[in-house]
There are 2 protein chains.
Amino acid sequence: MWEDAQAPLPLDDRGLAYGDGLFETVLVRDGRPLLWEAHLARLARGCERLGFAMPEDLEALPARAGDGLKVLKLIVTRGGGGRGYLAPETPHPRLRWQLGDFAPRHERWAGVRARHCALRLGIQPALAGLKHLNRLENVLARGEWSDPTIAEGVLCDSDGRLVEATCMNLVWRRNGRLETPDLSRCGVAGTLLAALSERHPIERVRVGPEALEEAEAVWLLNSVQGVWPLLRLDAADGRCLRRWSPGGALDELPALAHPLLGYPGP
Amino acid sequence: MWEDAQAPLPLDDRGLAYGDGLFETVLVRDGRPLLWEAHLARLARGCERLGFAMPEDLEALPARAGDGLKVLKLIVTRGGGGRGYLAPETPHPRLRWQLGDFAPRHERWAGVRARHCALRLGIQPALAGLKHLNRLENVLARGEWSDPTIAEGVLCDSDGRLVEATCMNLVWRRNGRLETPDLSRCGVAGTLLAALSERHPIERVRVGPEALEEAEAVWLLNSVQGVWPLLRLDAADGRCLRRWSPGGALDELPALAHPLLGYPGP
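Residues numbered from 1 in each chain as written. Chains lettered and ligands numbered in written order. Predicted model: local features only at pLDDT ≥ 70, side-chain atom pairs only at ≥ 80, totals over all residues. Heavy atoms only, no water.

Just so we agree on the cut-off: UniProt positions are given in the numbering used here, feature names are shortened, and annotations may be inferred rather than shown by experiment.
For chain A, the name recorded in an unreviewed UniProt entry is Aminodeoxychorismate lyase, with Bisbaumannia pacifica as its organism. The UniProt entry for chain A carries this comment under Subunit (unreviewed entry): "Homodimer." According to its UniProt record, chain A has this under Cofactor (unreviewed entry): "pyridoxal 5'-phosphate".

And the structure:
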């Protein structure tokens with residue numbers, strides 16, 4: 001399977017035609033993958049939900065990264081065949097992967113500015129949580145701003161409930177509790193969030209965007225960049241909604257999460 | 001641009017990574033494309049909405065089909081580059097195309113059976129109407145049944161409003177009027193529907209699925225298969241909701257639409 005695992009995909013691959021597939025981006029340090037079990041678990045869940053077999057023999061892949069900090073990107077598609085949207089009865093999934101050098105944006109570990117996006121995510125429980133290849137909503141949301149001092153965009157669903165940021169999950173502390181948006185209707189279930197949730201009580205809640213302004217601390221997180229504390233949140237029109245002071249309460253989540261990635265604590 | 005227009009796309013193409021692109025499937029008879037202006041118009045609208053340039057020189061492409069009935073599939077992606085979901089400032093879109101022999105399923109012109117799908121389409125006005133490459137909802141919906149006597153699946157949005165079928169638009173006659181679902185929140189704005197709407201009054205309505213059961217005639221249509229009159233509509237659980245008699249009122253839309261595709265009338 002690996003012989004051509006970096007070859008281009010044929011034009012009739014359903015991954016290109018319909019986004020009929022999944023991907024993972026895995027942080028790899030000196031050939032050792034971080035949060036590997038969480039990545040494999042999400043990929044397996046995605047394959048099951050989409051109805052094709054998980055590729056075998058992924059285990060030995062990260063070791064190919066060699067020394068240094070890398071990101072391993074895996075793409076798994078349903079392969080070719082079928083009749084239009086109708087998938088073939090016996091799919092032959094394709095695996096592709098890429099390895100790239102990686103340096104986290106460590107200046108953002110001290111805190112960032114984010115904004116609300118105008119785009120609302122469509123509600124789709126059948127795909128919620130998966131890291132599938134249908135990511136136009138994320139692309140459009142990320143296209144809403146070009147100011148490089150804005151690190152991320154916060155997304156609500158079409159019912160106005162908080163979901164995630166364009167490529168990171170959201171966690172906040174409010175009324176003494178750690179909370180994160182319910183992801184059963186849309187959004188990507190991040191692997192760093194999953195690993196943290198296994199170790200610490202983080203409540204999944206259905207709330208509107210005002211929850212962020214009420215929070216003592218808000219964090220953006222994913223498995224390659226780590227945790228970015230929020231110092232400032234803007235509305236989609238640029239108005240500042242809330243500021244938080246660096247350090248203090250904002251240090252909580254990095255202290256819990258960064259050891260899982262081998263990144264320095266606050 | 002055409003020199004490599006059938007080559008596979010590189011692995012880092014955003015069309016594969018995120019479904020960041022569009023497609024068209026065009027019926028071509030003896031090198032002459034049908035509804036070509038409508039296909040180009042939808043593609044141009046998509047490129048504008050996604051924010052990259054429409055490929056030039058598409059005009060001469062259908063002539064390559066030669067004699068016979070073919071389907072020309074065009075895929076246009078934003079190309080490579082960017083930083084994650086952030087698109088490159090100056091995208092270099094890629095065009096790919098495929099030509100295949102085609103025979104319409106003419107036995108379905110006499111009438112078909114359809115069912116409601118359990119899946120509900122997410123509401124996303126930013127992408128509504130476009131034939132973009134994020135089609136997992138359609139793939140999952142089409143996966144809901146395998147009975148070959150069921151020709152299509154009818155889809156509602158997450159608010160329960162009628163939208164389309166998995167790969168066809170819906171038109172019906174009710175209370176003396178031709179109606180079709182409003183597609184401003186989700187669904188694909190089909191080119192045959194667009195061409196018919198230019199020539200005949202077809203009202204765009206926001207209605208629930210019961211509108212179909214109230215209709216004197218219901219049709220499924222797209223620009224390659226033509227028009228399929230509905231003889232029977234089932235619920236997602238298989239219960240028959242309504243039957244219609246062949247011929248009579250069901251002949252209306254094929255009589256209007258099939259000449260646009262060079263297909264025989266009823």
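## Examining the overall build of chain A
Our working rule: Helix and strand assignments follow DSSP, with helices taken as H or I runs no shorter than four residues and strands as E runs no shorter than two, numbered in order from the N terminus. Note on method: radius of gyration uses C-alpha positions; expected globular size equals 2.2 Å times residues raised to 0.38. Three exposure classes are used, based on accessible area relative to the maximum for each residue type with a 1.4 Å probe and protein chains only: buried under 20%, partly exposed in between, and exposed over 50%. All accessible-area figures derive from a Shrake-Rupley calculation using a 1.4 Å probe, and residue coverage is judged against the displayed protein chains alone. We treat Lys and Arg as the positive residues and Asp and Glu as the negative residues; His and chain ends play no part in the count. Every charge is mapped onto a representative atom, which is NZ of Lys, CZ of Arg, CG of Asp or CD of Glu.
Assigned secondary structure in chain A consists of 6 helices and 13 strands. Since a compact globule built from 266 residues should have a radius of gyration of about 18 Å, the 19 Å found for chain A is in line with a globular shape. Over its C-alpha atoms, taken along the principal directions, chain A stretches across nearly 55 × 40 × 35 Å. Looking at chain A as a whole, 58% of its 266 residues are labelled buried. When the accessible area of chain A is evaluated, it comes to approximately 10,400 Å², of which 49% is carbon and sulfur surface. Distance between charge centroids for chain A: 3 Å, based on 33 positive and 35 negative side chains.

## Some remarks on the interface of chain B and chain A
Short version of the rule: Contacts were defined at the residue level, with two residues in contact if any of their heavy atoms lie within 4.5 Å. Defined here as a combined quantity, buried area equals the accessible surface (1.4 Å probe) lost by two parts on assembly, summed across both. Salt bridges are identified by distance alone: a Lys or Arg side-chain nitrogen within 4 Å of an Asp or Glu carboxyl oxygen. For this analysis, a polar contact is any N or O atom pair within 3.5 Å, provided that within protein one partner can donate a hydrogen and the other can accept it, and provided that sequence-adjacent residues contribute only side-chain to side-chain pairs.
Chain B puts 50 residues into the contact, and the matching count from chain A is 50 residues. Buried surface at the junction of chain B and chain A, both sides included, amounts to about 3,900 Å², of which 66% is carbon and sulfur. Three residues, L11(B), Y85(B) and L136(B), lead the burial of chain B against chain A; their summed loss comes to 22% of the area buried on that side. Linking chain B to chain A there are 0 salt bridges. At the surface where chain B touches chain A, the tally comes to 12 residue pairs in polar contact (both at pLDDT 80 or more). Those elements giving two or more residues to the side of chain B that touches chain A turn out to be α1 (14–18), β1 (21–29), α2 (36–50), β3 (69–77), β4 (94–101), β5 (112–121) and α3 (136–142) of chain B. For the side of chain B that touches chain A, the element with the most residues is α3(B), which contributes 6 residues.

## Some remarks on the pattern of salt bridges
Residue and element names in this part refer to chain A. Tallied over the full model, the rule gives 37 salt bridges over all chains. For E107, the salt bridge identified is with R105, shortest N-O distance 3.9 Å. You can call R105 partly exposed: its relative accessible area is 21%. Counted as one network, the salt bridges with shared partners bring together R174, R177, E179, E203 and E214.

## Observations concerning the nonpolar core
How we decide: In this description, a nonpolar core means a group of buried Ala, Val, Leu, Ile, Met, Phe, Trp, Tyr and Cys residues linked to one another through side-chain atoms lying within 4.5 Å.
In this structure, L27(B), L162(B), W172(B), L192(B) and L220(B) are the most contacted members of the largest nonpolar core, which totals 78 residues. L196(A), V205(A), L58(B) and W97(B) belong to the second largest nonpolar core, which has 77 residues in total.

## Overview of the domain arrangement of chain A
Residue and element names in this part refer to chain A. Selection rule: Just so you know, the domain bounds were taken from an automatic or database domain assignment.
We note that the domain assignment places domain 1 (2–101) and domain 2 (106–261) within chain A. Centre-to-centre separation of domain 1 and domain 2, based on C-alpha positions: 25 Å. Listed by partner, the interface residues are 23 residues for domain 1 and 21 residues for domain 2. Of the roughly 1,700 Å² buried at the junction of domain 1 and domain 2 (both faces included), carbon and sulfur atoms supply 65%. It is F23, L35 and R42 that lose the most area in domain 1 upon contact with domain 2, and together they represent 37% of the buried surface on that side.

## Section: the packing of helix α4 (residues 191–199) of chain B against helix α6 (residues 252–261) of chain B
All names here are of chain B. To keep things clear, this is the line we draw: Here, axes are lines fitted to C-alpha atoms. For helices the fit covers the stretch in contact, and angles between N-to-C directions go from 0 to 180 degrees. Oblique is the label for every angle not falling under 35 degrees (roughly parallel), over 145 degrees (roughly antiparallel), or within 65 to 115 degrees (roughly perpendicular). Take the far helix as your reference; a near helix turned counterclockwise from it by less than a right angle gives a left-handed crossing, and one turned clockwise gives a right-handed crossing.
α6 packs onto α4 with a crossing angle of 115° between their chain directions and a minimal axis gap of 10 Å. By the angle between their directions, the pair α4 and α6 is classed as roughly perpendicular. Helix-helix and strand crossings are classified by hand; for α4 and α6 the assignment is right-handed. Taking contact as the criterion, the partners of L192, A195, L196 and R199 in α4 are, on α6, L253, L256, A257, L260 and L261.

## Observations concerning the relation of the copies chain B and chain A
The condition is simple: Superposing copies: least-squares fit, C-alpha atoms only, residues required to have pLDDT of at least 70 in both.
With an axial shift of 0.0 Å and an RMSD of 0.0 Å, the rotation relating chain B to chain A amounts to 180°. The transformation relating the two chain copies, once decomposed into turn and shift, fits a two-fold axis.

## Quick notes on the sheet that holds strand β4 (residues 94–101) of chain A
Residue and element names in this part refer to chain A. Stated precisely, the cut-off is as follows: Two strands pair if DSSP finds at least two bridges between them.
With antiparallel pairing, 4 strands are arranged side by side in an open sheet as β2-β1-β3-β4. Unpaired on one side and paired on the other, β2 (32–33) and β4 mark the two borders of the sheet. One ladder, built from 8 bridges, connects strand β3 (residues 69–77) with β4; its direction is antiparallel. Residue pairing in the sheet places L74 in a bridge with W97 of β4.

## Examining α6(B)
For an α-helix the count is 3.6 residues per turn, leaving residues at separations of three or four pointing the same way. Residues and elements named next belong to chain B. In plain terms, the rule: An arc is given here, and it is the one of the directions from the helix axis to the C-beta atoms.
Regarding α6, the residues found buried are L253, P254, A257, H258, L260 and L261. Within α6, the buried residues cover an arc of 150° as seen down the axis, which keeps them to one side. Buried residues along α6 sit in contact with β1, β8 (169–174), α4, β11 (217–222) and β12 (226–234). Positive backbone phi, approximately 75°, marks G262, located one or two places after α6.

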